[in-house]
Amino acid sequence: QSLGYGFVNYIDPKDAEKAINTLNGLRLQTKTIKVSYARPSSASIRDANLYVSGLPKTMTQKELEQLFSQYGRIITSRILVDQVTGVSRGVGFIRFDKRIEAEEAIKGLNGQKPSGASEPITVKFANNPSQKTSQALLSQLYQSPNRRYPGPLHHQAQRFR
């Protein structure tokens, strides 16, 4: 099962730069991909993703970034839209470079009314389901008395390989 991301190592740094300039923002199926330099993992950058709700339906991604950029470097941002109408659902995500920046944004913006908003926004850490939680749900599914077929779950997608 794909996790939706991957890594590519280039011998020549110019090739990496070309890949970023060519592919970043490309639309693949229903997703817009982000291509950038990988960052080494560390505790300071982990769990820096925020969930924002109560956004004005007219707010653009650029305006969302402007609102949050005062707290630090934004890695990615996204406003969720209705797939049929394309209208904002009033919900978004902001991933900061560092967790401390995300913490400051929560302190500064949670419960505030941004320009154009009639209600205060809610800013909190995005749910980051751990593998333990996923494993617990899977074991619960396998042991459920309502399950008709014992054994592993089979997916039809197998035949498309």
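Residues numbered from 1 in each chain as written. Predicted model: local features only at pLDDT ≥ 70, side-chain atom pairs only at ≥ 80, totals over all residues. Heavy atoms only, no water.

- An unreviewed UniProt entry annotates the protein chain as ELAV-like protein originating from Aquarana catesbeiana.
- According to the UniProt record, the Sequence similarities (unreviewed entry) comment for the protein chain is "Belongs to the RRM elav family." (UniProt positions renumbered as here; feature names shortened; annotations may be inferred.)

### A short note on the overall build of the protein chain
Okay, so step 1: Within the protein chain one finds four helices and six strands.
Okay, so step 2: The order of α-helices and β-strands along the protein chain, N terminus first, is α-β-β-β-α-β-β-α-β-α.
Okay, so step 3: The buried share of the protein chain, reckoned over its 161 residues, is 24%.
Okay, so step 4: A separation threshold of at least 6 residues defines the contact pool for the protein chain, and within that pool the share at least 24 residues apart is 53%. (Helix = DSSP H or I, 4+ residues; strand = E, 2+ residues; numbered from the N terminus. Buried < 20%, exposed > 50% of the residue type's maximum accessible area, 1.4 Å probe, protein only. Contact = heavy atoms within 4.5 Å.)

### Points about the sheet that holds strand 5 (residues 88-96)
Okay, so step 1: Read from one edge to the other, the open sheet built from four strands follows the order 4-5-3-6, with strand pairing classed as antiparallel. Looking at strand neighbours, the two that pair on one side only are strand 4 (74-81) and strand 6 (122-125), the edges of this open sheet. Recorded for the sheet is a direction-independent mean angle of 20° between the axes of neighbouring strands.
Okay, so step 2: Relative to strand 5, strand 4 runs antiparallel, the two sharing six bridges. Its bridge partner lying in strand 5, I74 is registered against F96. (Pairing = 2+ DSSP bridges. Axes fitted to C-alpha atoms, helices over the stretch in contact; angles between N-to-C directions.)

### Side note on helix 1 (residues 13-23)
Okay, so step 1: For helix 1, the complete set of buried residues consists of A16, A19 and I20. Seen end-on, helix 1 carries its buried residues on one side only, within an arc spanning 95°. What points out from helix 1, more than 90 degrees from its buried face, is the exposed set K14, K18, N21 and T22.
Okay, so step 2: A distance of 2.9 Å separates the backbone nitrogen of K14 from a side-chain oxygen at the start of helix 1, and that oxygen is part of D12.
Okay, so step 3: Once helix 1 finishes, G25 follows within two positions and takes phi at roughly 90°, a positive value. (Arc of directions from axis to C-beta. Polar contact = N/O pair within 3.5 Å; in protein donor to acceptor, adjacent residues only side chain to side chain.)

### So, the packing of aromatic side chains
Okay, so step 1: A complete count under the given rule lists three aromatic pairs for this structure.
Okay, so step 2: With a centroid separation of 6.0 Å and an interplanar angle of 85°, the aromatic rings of Y5 and F7 are classed as edge-to-face. The same class applies to Y5 as to F7, namely exposed.
Okay, so step 3: Aromatic side chains F68 and F96 sit 6.5 Å apart centroid to centroid with 55° between the ring planes, which places their arrangement in the tilted category. Here the residue F68 occupies a position in helix 2 (residues 61-68), and F96 occupies one in strand 5, the gap between them amounting to 28 residues. Of the two residues examined, F68 and F96, each falls in the buried class. (Phe/Tyr/Trp six-rings, centres within 6.5 Å; stacked < 30°, edge-to-face > 60°.)

### Structural notes on a nonpolar patch on the surface
Okay, so step 1: Taken together, the side chains of L3, Y5 and F7 define a hydrophobic patch exposed on the protein surface, amounting to about 450 Å² of accessible area.
Okay, so step 2: For F7, the position within the fold is in the segment before helix 1.
Okay, so step 3: Using a relative accessible area of 66% as the deciding quantity, one classes F7 as exposed. (Patch = residues over 30% accessible without salt bridge, like charges linked within 9 Å, V, L, I, M, F, W, Y side chains within 5 Å. Areas by Shrake-Rupley, 256 points an atom, 1.4 Å probe, with all protein chains shown as cover. Salt bridge = Lys/Arg side-chain N within 4 Å of Asp/Glu carboxyl O.)

### Some details on the UniProt feature "domain: RRM" (unreviewed entry) in the protein chain
Okay, so step 1: This chain's UniProt record puts "domain: RRM" (unreviewed entry) on residues 1-40 and 48-128.
Okay, so step 2: Note that residues 1-40 is 28% helix and 10% strand, and that its end C-alpha atoms are spaced 24 Å apart.

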